[in-house]
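Read off the chains here:
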Amino acid sequence: MYTLGEFIIENRDSFSTHSIEALLRLFSSIKLASKAIHKEVNKAGLTKKIIGSSGITNIQGEKQKKLDDFAHRTFIESFKNRNIVCGIASEESKDYIIINNKKNKKEDLLKNQYIVLIDPLDGSSNIDVNVSIGTIFSVYLRKSTHQIDVTDFLQKGNHQILAGYIIYGSSTILVYSTGNGVHGFTLDPSVGTFYLSHYNLSFPKNKREQIYSINEGNYEKFPDGIKKFIKYCQKKKGNYSYTARYIGSLVGDFHRNLIQGGIYIYPKTAYHPKGKLRLLYECNPMAFLAEQAGGIASDGRRRILDIKPKKLHQRTPFVCGPIDIVSKLEEFMKNSV
Ligand code: AHM
Ligand code: MG
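Residue numbers run consecutively from 1 along every chain, following the written order of its sequence. As they are written, the chains are lettered A onward and the ligands numbered 1 onward, keeping that order. Local features in a predicted model are, by the rule used here, given only for residues with pLDDT of at least 70; side-chain atom pairs are given and counted only at 80 or more, and totals for whole chains, interfaces and linings are based on all residues. For the side-chain quantities, the full set of heavy atoms in the structure was used; hydrogens and water were omitted.

Teacher, can you tell me more about the domain arrangement of the protein here?
Many authors give the size of an interface as the accessible area that is lost as the parts come together. Looking at the protein, the domain boundaries give domain 1 (4–198) and domain 2 (209–334). Each domain's extent was defined by an automatic or database domain assignment. Computed over C-alpha atoms only, the centres of domain 1 and domain 2 are separated by 23 Å. In what follows, residue pairs with any heavy atoms lying within 4.5 Å of each other are defined as contacts. With 49 residues of domain 1 at the contact, the number on the domain 2 side is 33 residues. In this assembly, domain 1 packs against domain 2 so that about 2,900 Å² is buried in total across both faces, 62% of it on carbon and sulfur atoms. If you sort the residues of domain 1 by the area they bury against domain 2, Ile-136, Leu-154 and Tyr-165 come out on top, with a joint share of 21%. Salt bridges are defined by distance alone: a side-chain nitrogen of Lys or Arg within 4 Å of a carboxyl oxygen of Asp or Glu. Where domain 1 meets domain 2, there are one salt bridge. For Glu-91, the salt bridge is made with Arg-278, and the minimal N-O distance between the two is 3.6 Å. Throughout this description, a polar contact denotes any pair of N or O atoms lying within 3.5 Å of each other; where both atoms belong to protein, one of them has to be capable of donating a hydrogen while the other can accept it, and for residues adjacent in sequence the pair is counted only when both atoms sit in side chains. On inspection of domain 1 and its partner domain 2, the count reaches 14 residue pairs in polar contact (both at pLDDT 80 or more). The buried area of a pairing is the accessible area, by a 1.4 Å probe, that goes missing from both parts when the two are put together, added over both.

Structure (structure tokens):
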């Protein structure tokens, strides 16, 4: 039974680009915050303090839930209390948050070198109805040498040094990658420890039945290429037969597709002409994990990790899953207007 900390130490050789100490300190913040959120999620039905709206409309123009706000504050506090992160951008905050902007002394080069982008609680519409929700995180090395600025956050996804999610489902599982495979750790709530449960996750190969996950309620508003791809799945053409599954929580849908095999799609719609999901703290981390798990992620035409971000809360169409299935979708997109 490997704990997450032990696993990182045992596999120290695979983290050549950054130090074990830095990684352990980053994970110490992530583990602490996620355990606090796990605890709140688990008593959501019992207290009005957890369920319902906070009364605030966030920068996305969406009604913030009380748990969104709790998760946001918990992660910020947890990162603030360790000398490891210098700035955080969160789905719940208009501007990035500066944690520690002190110019580092030579001997402190390790400290406050990291930039975190986070969706503290994704899939908020599922909070009040006891359906899986998640946290998505993404970590970069800062580029600035003095004051951090927005360019530290607007880095291409292929510069991520760590990405992952925590799914608060029938159990709480933390899944991450530092660019050397994807590994999952399940929380044993009785001792409050994450144990290795999913070593080297990858999209299953040679699985005849695959899943497609998309909100088909928006069908009429989809681009032509997406409509054709859905028809292709329904007619069960090609190498696979398809079945539909859609939770409405990116983390939940991604996690299931990673384990069982399948494609996740959130295209642009008439209501969300640029796509709904946010590039920096939803799509980039999931794209990094998808590629590390032997899959791909794109906006229907371009590789997600190659997109140069222009804005903190930029949206993008998003597709990810096994290479051959995503490529098929891209083929339909290419051949449509
Ligand atoms: P959120 O960050 O406000 O929770 O929105 C993101 C969520 C994703 O988790 C999910 O895949 C998608 O929005 C569901 O959207 P829809 O309800 O339009 O299908
Ligand atoms: Mg979200």
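Please explain the coordination of the magnesium ion (ligand 2) as it appears in this structure.
Around a metal, the ideal angle is 109.5 degrees if four donors adopt a tetrahedral arrangement and 90 or 180 degrees if six donors adopt an octahedral arrangement. Coordinating donors are taken to be N, O and S atoms lying within 2.8 Å of the metal, or within 3.2 Å when the metal is Na, K or Ca; because water is excluded from the atom set, some sites may appear incomplete. Protein coordination at the magnesium ion (ligand 2) comes from Glu-91 (OE), Asp-119 (OD), Asp-122 (OD) and Glu-282 (OE), with a distance range of 1.9 to 2.5 Å. Buried residues are those whose accessible area, probed at 1.4 Å on protein chains only, stays under 20% of the maximum for their type, while exposed residues exceed 50% and partly exposed ones sit between those limits. The exposure class of Glu-282 is buried, given its relative accessible area of 0%.

What am I meant to see in the pattern of salt bridges here?
Side chains carrying opposite charge are able to pair once their charged atoms draw close together. As enumerated under the stated definition, the model contains twelve salt bridges in all. Across the salt bridge formed by Glu-77 and Lys-80, the nearest N and O atoms sit 3.9 Å from each other. Taken together, the residues span about one helical turn, with Glu-77 and Lys-80 both in helix 3 (residues 66–80) at a distance of three residues. With relative accessibility at 41%, the residue Glu-77 sits in the partly exposed group. According to the relative accessible area criterion, Lys-80 is partly exposed, its value standing at 42%. We note a salt bridge from Arg-303 to Asp-306, for which the minimum N-O separation is 3.0 Å. On the accessibility criterion, Arg-303 (32% relative accessible area) is partly exposed. Several salt bridges share partner residues, and in doing so they unite Glu-91, Arg-278 and Glu-282 into one network. A run of H or I in DSSP counts as a helix once it spans at least four residues, and a run of E counts as a strand once it spans at least two, with each numbered from the N terminus.

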